[in-house]
Amino acid sequence: MAIDLILAILHHLLIFMLAGVLAGEFVLLRPGLAGREVKLLAHLDSAYGALAGAIILVGIGRVWFGLKGWEFYVYSWSFWAKMAAFIALGLLSVSPTMRIARWSREARSAKGTYIVPDHAIAAARTFVRLEVLVFALIPIFAAMMARGVGY
Ligand code: HEM
């Protein structure tokens, strides 16, 4: 009981943090991005990766130690739909992460004079916008899975 509750609390806190970081990235990805904001974006992106990793660990913990037992989830299509959406979220984040790492290196070597090109910002924004859409699907599948839809 206690472990289930602790994991559920952690799961929710991590998810809200991930949503906050994603929103922060979306806000920072504007034309004219330069200097300290590139650094901040790189920090946010590292936090994004760390939070996603922690969500996977806590999520697996919930499947394993949750009150309903692992069979409740692995035989449910809504659980797998949620996992597919989570994997899609991860794949969509690869391109922006690679760009942000490149901008961060450029900004460091140009010592404050580097401005991210507008077309690169637009490309990264497209991916982050898709991430926001896919992210919204996850709580929908989560609510279905928690109520045994598709089991
Ligand atoms: C960004 C990613 C994720 C989001 C937004 C998310 C969202 C949620 C939400 C909102 C709930 C509560 C559902 C409810 O009680 O109505 C939940 C429960 C749960 N999630 Fe996640 N989740 C994520 C990732 C994961 C991952 C990666 C796993 C497993 C590997 C996982 C496993 C679970 C489990 C086992 C529950 C408990 C459902 C129940 O009460 O029966 N989640 N999730």
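Residues numbered from 1 in each chain as written. Predicted model: local features only at pLDDT ≥ 70, side-chain atom pairs only at ≥ 80, totals over all residues. Heavy atoms only, no water.

### Re the overall build of the chain
- Helix and strand counts for the chain come out as 6 helices and 0 strands.
- The order of helices and strands in the chain, counted from the N terminus, is α-α-α-α-α-α.
- The dimensions of the chain, computed from C-alpha atoms along their principal axes, are 55 × 25 × 20 Å.
- Per-residue burial over the chain gives 39% buried out of 151 residues.
- Of all intrachain contacts in the chain linking residues separated by at least 6 positions in sequence, the fraction that spans at least 24 positions is 81%.
- Averaging the coordinates of the 14 positive side-chain charges in the chain and doing the same for the 8 negative ones gives two points 3 Å apart. (Helix = DSSP H or I, 4+ residues; strand = E, 2+ residues; numbered from the N terminus. Buried < 20%, exposed > 50% of the residue type's maximum accessible area, 1.4 Å probe, protein only. Contact = heavy atoms within 4.5 Å. Lys, Arg positive; Asp, Glu negative; His and termini not counted. Charge placed at Lys NZ, Arg CZ, Asp CG, Glu CD.)

### Quick word on the packing of aromatic side chains
- Counting across every chain of the model gives 5 aromatic pairs.
- Between Tyr73 and Phe79, the aromatic rings sit 6.1 Å apart at their centres with planes inclined by 50°, giving tilted as the arrangement.
- Residue class for Phe79 comes out buried when judged on its relative accessible area of 7%.
- By the ring-pair criterion, three or more aromatic residues cluster together here, those being Phe72, Tyr73, Phe79, Trp80 and Tyr151.
- Over the aromatic face of Phe26 sits the side chain of Arg125, whose NZ or CZ is 4.2 Å from the ring centroid. (Phe/Tyr/Trp six-rings, centres within 6.5 Å; stacked < 30°, edge-to-face > 60°. Lys NZ or Arg CZ within 6 Å of the ring centre and 35° of its normal.)

### Some details on the coordination of the iron atom of the ligand
- Protein ligation of the iron atom of the ligand involves His11 (NE2) and Lys82 (NZ), the donor distances falling in the range 1.7 to 2.0 Å.
- Bound by 6 donor atoms, the iron atom of the ligand shows angles of 87 to 178° at the metal and therefore octahedral coordination geometry. With His11 in helix H1 (residues 2-28) and Lys82 in helix H4 (residues 77-92), this pair connects stretches of sequence that are 71 residues apart.
- We classify His11 as buried; its relative accessible area is 9%. (Donors = N, O, S within 2.8 Å, 3.2 Å for Na, K, Ca; no water. Tetrahedral: all angles 85-135°; square planar, octahedral: opposite > 155°, others 65-115°.)

### Things to note about a positive patch on the surface
- Together, Arg36, Lys39, Arg102, Arg105 and Arg108 make up a region of like positive charge exposed at the surface.
- Looking at the positive patch, the elements that each hand over two or more residues are helix H2 (35-65) and helix H5 (94-109).
- Take the positive patch: its biggest share by element is 3 residues, from H5. (Patch = residues over 30% accessible without salt bridge, like charges linked within 9 Å, V, L, I, M, F, W, Y side chains within 5 Å. Areas by Shrake-Rupley, 256 points an atom, 1.4 Å probe, with all protein chains shown as cover. Salt bridge = Lys/Arg side-chain N within 4 Å of Asp/Glu carboxyl O.)

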